[in-house]
Amino acid sequence: LQAMSGNEQDWLALRPQEPSPSQCCGSGCKPCIYDVYEKELAQWERAKAMQDKSLLIGKKEQSNNSELNPDTFTAFSVSSVEQLTEDTYQYKFELPGNSSLRLSLGQHIVLRGVVKGLEVQRAYTPISPGNAEGYFEVLIKCYEAGLMSQYIKTWKRGDVVFWRGPFGGFPYRPNKHGELLMLASGTGLAPMIPILQSITDDEEDETFVTLVGCFPTFDKIYLKPLLQDLARYWNIRVFYVLSQETSLEKLPWSYQENTYTGRLNEDLMKTIINSCRRKPFVLICGSSAFIEDMSRYLKASGIEENSCFVF
């Protein structure tokens, strides 16, 4: 067997690495990390066939021009870290000058982390308005055993992290729907916030919104001041469903009339839908189990699948 020539080894070293499953965030990004890999592999094969390494120069792993890009990761620095609950944090990132991410509503971006030598990617939805200038903010829940969480928990001000995107989003148009019913569990609140803010910022938009936020306890409700502010608008209602609270007596009185204890079940879903002012179009965001349950209850309440959007 003849030894591999130095030239062969050089080319092998340049071959793009196939992503591991942990690197795919599973959010259906276009392009997915596997699409990017296929594209780079084809480029490598073409360059190798022609024995011309300059054809690979265009392969930029990451960029520093702070323009968000779906294909490559861009560096952004952490400008503040705020702990919201025992396991949830709000991170603020700097954008150069007064630039903005220019996200459309409910779009997510993908974070890359390296933990114990393993590259991991996860999708998060910024909660700052899409046109916010000079910064963007992301709400992240850290899990005890989560790979990405171990990386995120080390962040402090001035750290540089890599994002790519944007992806997905909900094609919202003012006044297209009479009423939006938003069903959010935990950090599933994130994509709902920019949509709510775009409605309250637009005096011409008369869409009614009923937001149902599901949390374990009162202490674990995120962004309370922001949600209370939004609920003051004539067309916005906010309900809370607290699965681990047993009574409402300990809650501030301003929360008592719009909070339910226990889980969001089929009966409660029917009650909420019947209280909507118009037949709602439903937005859902949460764990896969939450999405499955909600879809079932909505069906039982007579809401068709074409009247739902899942983040």
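Up top is the structure.
Model, not experiment: these values are computed from the prediction.

Caption draft 1: Quick look at a negative patch on the surface. Together, Glu-18, Asp-35, Glu-38 and Glu-45 give the surface a local cluster of negative charge. Among the secondary structure elements, Glu-18 is positioned in the loop between α1 (6–14) and α2 (33–49). Residue class for Glu-18 comes out exposed when judged on its relative accessible area of 56%.

Caption draft 2: Representation of unusual backbone geometry within the structure. Cis geometry marks the peptide bond from Gly-165 to Pro-166; its omega dihedral reads 0 degrees. In this fold, Pro-166 is placed in strand β7 (residues 160–168). Positive phi is not limited to glycine here, since Gln-51 has a value of about 50 degrees. Here Gln-51 shows up in the loop between α2 and β1 (62–63). A residue is classified by how much of its surface remains accessible, and Gln-51, at 45% relative accessible area, is partly exposed. Of note, Arg-102 is a non-glycine position whose phi angle comes to about 50 degrees, a positive value. Within the fold, Arg-102 resides in the loop between β3 (88–94) and β4 (107–115).

Caption draft 3: Spotlight on the packing of α1 against α2. Across the interface, α1 lies against α2 with an axial gap of 10 Å and an inter-helix angle of 165 degrees. Comparing their axes, α2 and α1 come out roughly antiparallel. When the axes of α1 and α2 are compared, the crossing they make is right-handed. For the pair α1 and α2, the contacting residues are Glu-8, Trp-11, Leu-12 and Leu-14 in the first and Trp-44, Ala-47 and Lys-48 in the second. Split into classes, the residues belonging to the contact of α1 with α2 amount to 5 nonpolar, no polar and 2 charged.

Caption draft 4: Spatial organisation of the packing of helix α7 (residues 266–275) against helix α8 (residues 288–300). Packing of α7 against α8 brings their axes to within 9 Å, and their N-to-C directions diverge by 60 degrees. Here α8 runs oblique to α7, going by the angle between their axes. Two packed elements cross with a definite hand, and for α7 against α8 that hand is right-handed. Where α7 approaches α8, its residues Glu-266, Met-269, Lys-270 and Ile-273 are matched on the opposing element by Met-294, Tyr-297, Leu-298 and Ala-300.

About the thresholds
- Residues numbered from 1 in each chain as written.
- Predicted model: local features only at pLDDT ≥ 70, side-chain atom pairs only at ≥ 80, totals over all residues.
- Heavy atoms only, no water.
- Patch = residues over 30% accessible without salt bridge, like charges linked within 9 Å, V, L, I, M, F, W, Y side chains within 5 Å.
- Areas by Shrake-Rupley, 256 points an atom, 1.4 Å probe, with all protein chains shown as cover.
- Salt bridge = Lys/Arg side-chain N within 4 Å of Asp/Glu carboxyl O.
- Lys, Arg positive; Asp, Glu negative; His and termini not counted.
- Charge placed at Lys NZ, Arg CZ, Asp CG, Glu CD.
- Helix = DSSP H or I, 4+ residues; strand = E, 2+ residues; numbered from the N terminus.
- Buried < 20%, exposed > 50% of the residue type's maximum accessible area, 1.4 Å probe, protein only.
- Axes fitted to C-alpha atoms, helices over the stretch in contact; angles between N-to-C directions.
- Parallel < 35°, antiparallel > 145°, perpendicular 65-115°, else oblique.
- Left-handed = near helix turned anticlockwise from the far one by under 90°.
- Contact = heavy atoms within 4.5 Å.
- Nonpolar A, V, L, I, M, F, W, Y, C, P; charged D, E, K, R; others polar.

Coordinates in, geometry out; function isn't part of it.
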